[in-house]
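Below, each chain spelled out in residue letters.
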Amino acid sequence: MVSVSDGARRYLQYLVVERGLAGNTVESYQRDLRRYAEFLRQRGKQELDGVAELDVAEFRGALRAGDDEHPPLAVSSAGRAVVAVRGLHAFAVREGMAVQDPAREVAPPPPPRRLPKAIPLDAVERILDAAGSPDDPDPRVLRDRALLEFLYGTGARISEATGLDVDDLEHLAQEPAVLLTGKGGKQRYVPVGSYAVRALDAYLVRGRPVLAGKAARKQSPAVFLNARGGRLTRQGAWGILGQAAARGGESDVSPHTLRHSFATHLLDGGADIRVVQELLGHASVTTTQVYTLVTVDKLREVYVAAHPRALG
């Protein structure tokens, strides 16, 4: 029978000699496994083969909860400790030090759910204005303004915008809506606001024909074209937004920022979450519900600022 401490020592040697892990990483693993061995000792378990899945799961919980000797660990640190424990037990089975791996089904704690980043309407407007005017004679300026108006006006993913073909806009003349093809080839019609319609019209009439004429081969069916007349790539679209954001005084803005802002501003304006779900092309409303966390924060701010008995 091999003790947990002896197994941990041999595992750490393996990480240094065979895997060549960095010294800081090995030291962190050593601290984690020393704490793990002590945790098991207090439960009367000192041998690898005596450890059960419940022991590992409760150690994971203890990492996050903390105790008299240890403060609660952040998710990242607790995750590292669980990875060390999982590595130890997998190594022990592989080296014949244990028969079963009790940590195989115990996953590291999931990272906290990040709230989508949304920017205020005035920031969106600064970015759109920085892209250029729909009245500008430069075809690339017309394209840039149309692209960003389209992303914010429809909540489209960047891949949906760059994958858009002219035929997908056939409904735009009769009704302000566009056919988007999302994940898994799922299609949906999304309304297009008047600002985006105006920018698209200007680009399609005065900008796209100029860019299309620069194509060396057969003209692309894409709505958004690059300077050579080919389909605009995702990287190209990112660059357009990044440049406009910088000129508008905003930083750390991505195409997804405009999508998040689209959803958040709709919910702030009173839109039903299931309508927003359909507009975003989410298969489940639970995916969309994360946006309500953003709007609840806004509601709380308004409440605290406006209610006479919100603060004591």
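The structure contained in this document is the topic of the report that follows.

Procedures and definitions
Residue indices follow the written sequence of each chain, beginning from 1 at its first position. Side-chain atom pairs in this predicted model are given and counted only at pLDDT of 80 or more, local residue features only at pLDDT of at least 70, and totals for whole chains, interfaces and linings cover all residues. Note: side-chain values were computed over all heavy atoms of the structure, leaving out hydrogens and water. Only DSSP runs of H or I reaching four residues or more are called helices, and only runs of E reaching two or more are called strands; each is numbered from the N terminus. We call a residue buried when its accessible area falls under 20% of the maximum for its residue type, exposed when it is over 50%, and partly exposed in between, using a 1.4 Å probe and counting protein chains only. Any two residues having at least one pair of non-hydrogen atoms within 4.5 Å are treated as being in contact. Methods summary: accessible areas were calculated by the Shrake-Rupley approach with a probe of 1.4 Å, and residue burial reflects only the protein chains presented. Fitted lines through C-alpha atoms give the axes, limited to the stretch in contact for helices. The angle between two N-to-C directions lies from 0 to 180 degrees. Here roughly perpendicular refers to angles of 65 to 115 degrees, roughly parallel to angles under 35, roughly antiparallel to angles over 145, and oblique to all remaining angles. Residue polarity follows a fixed list, in which Ala, Val, Leu, Ile, Met, Phe, Trp, Tyr, Cys and Pro are nonpolar, Asp, Glu, Lys and Arg are charged, and the others, Gly among them, are polar. The rule for a salt bridge is simple: a side-chain nitrogen of Lys or Arg has to be within 4 Å of a carboxyl oxygen of Asp or Glu. For this analysis, a nonpolar core means a set of buried residues of the types Ala, Val, Leu, Ile, Met, Phe, Trp, Tyr and Cys, connected via side-chain atoms within 4.5 Å.

### Re the overall build of the chain
Next up, step 1: Each helix and strand counted, the chain has 13 helices and two strands in total.
Next up, step 2: Expressed as a percentage of its 312 residues, the buried residues of the chain come to 43%.
Next up, step 3: Relative to all contacts within the chain whose residues are 6 or more apart in sequence, the contacts with residues 24 or more apart total 58%.
Next up, step 4: Surface accessibility of the chain: about 17,100 Å² in total, with carbon and sulfur atoms responsible for 51%.

### Digging into the packing of helix 2 (residues 23-42) against helix 4 (residues 75-94)
Next up, step 1: For the pair helix 2 and helix 4, interaxial distance at closest approach is 9 Å and the crossing angle is 75 degrees. The pairing of helix 2 with helix 4 is recorded here as roughly perpendicular in orientation. Contacts from Ser 28, Tyr 29, Asp 32, Leu 33 and Tyr 36 of helix 2 reach helix 4 at Arg 80, Ala 81, Val 83, Ala 84, Val 85, Leu 88 and His 89.
Next up, step 2: Grouping the constituent residues of the contact of helix 2 with helix 4 by class yields eight nonpolar, two polar and two charged.

### Details of unusual backbone geometry
Next up, step 1: You will see that Asp 252, though not glycine, has its phi angle at about 55 degrees, which is positive.
Next up, step 2: For Asp 252, the location among the structural elements is in the loop between helix 9 (234-247) and helix 10 (255-268).

### Looking at the pattern of salt bridges
Next up, step 1: In this structure the tally under the stated criterion is 19 salt bridges.
Next up, step 2: For Asp 129, the salt bridge goes to Arg 145, with nearest N and O atoms at 3.6 Å. One end of the pair, Asp 129, is in helix 5 (residues 121-131); the other, Arg 145, is in helix 6 (residues 139-154), and 16 residues separate them in sequence.
Next up, step 3: In this structure, Asp 144 and Arg 143 form a salt bridge, with 2.9 Å as the shortest nitrogen-oxygen distance. Accessibility assignment for this pair places Asp 144 and Arg 143 in one class, buried.
Next up, step 4: Ionic contacts of the salt-bridge type, sharing partners, join the residues Arg 43, Lys 45, Asp 55 and Glu 58 into one network.

### Looking at the packing of helix 6 against helix 10
Next up, step 1: Close contact between helix 6 and helix 10 brings their axes to 7 Å; oriented N to C, the two are set at 40 degrees. The angle between helix 6 and helix 10 falls in the class oblique. Each of Leu 148, Leu 151, Tyr 152, Gly 153 and Thr 154 in helix 6 lies in contact with helix 10, whose residues at this interface are Leu 258, Ser 261, Phe 262 and His 265.

### Let's talk about the nonpolar core
Most often, soluble globular proteins keep nonpolar side chains buried together rather than apart.
Next up, step 1: Core analysis: the largest hydrophobic core is formed by 49 residues, its most contacted members being Leu 147, Leu 148, Phe 150 and Phe 224.
Next up, step 2: For this core, the secondary structure elements donating two or more residues are helix 5, helix 6, helix 7 (158-162), strand 1 (177-181), helix 8 (194-212), helix 9, helix 10 and helix 11 (273-280).
Next up, step 3: When residues of this core are assigned to their parent elements, the largest contribution, eight residues, is made by helix 8.
Next up, step 4: With near-sequence residues (within four places) excluded, Leu 148 lies in contact with Ile 127, Leu 128, Ala 131, Ile 240, Leu 241, Ala 244 and Leu 258.

### Section: the environment of Ala 130
Next up, step 1: Mapped onto the secondary structure, Ala 130 falls in helix 5.
Next up, step 2: Look past the residues within four positions of Ala 130 in its chain and what remains in contact with it is Ala 244, Arg 247 and Gly 248.

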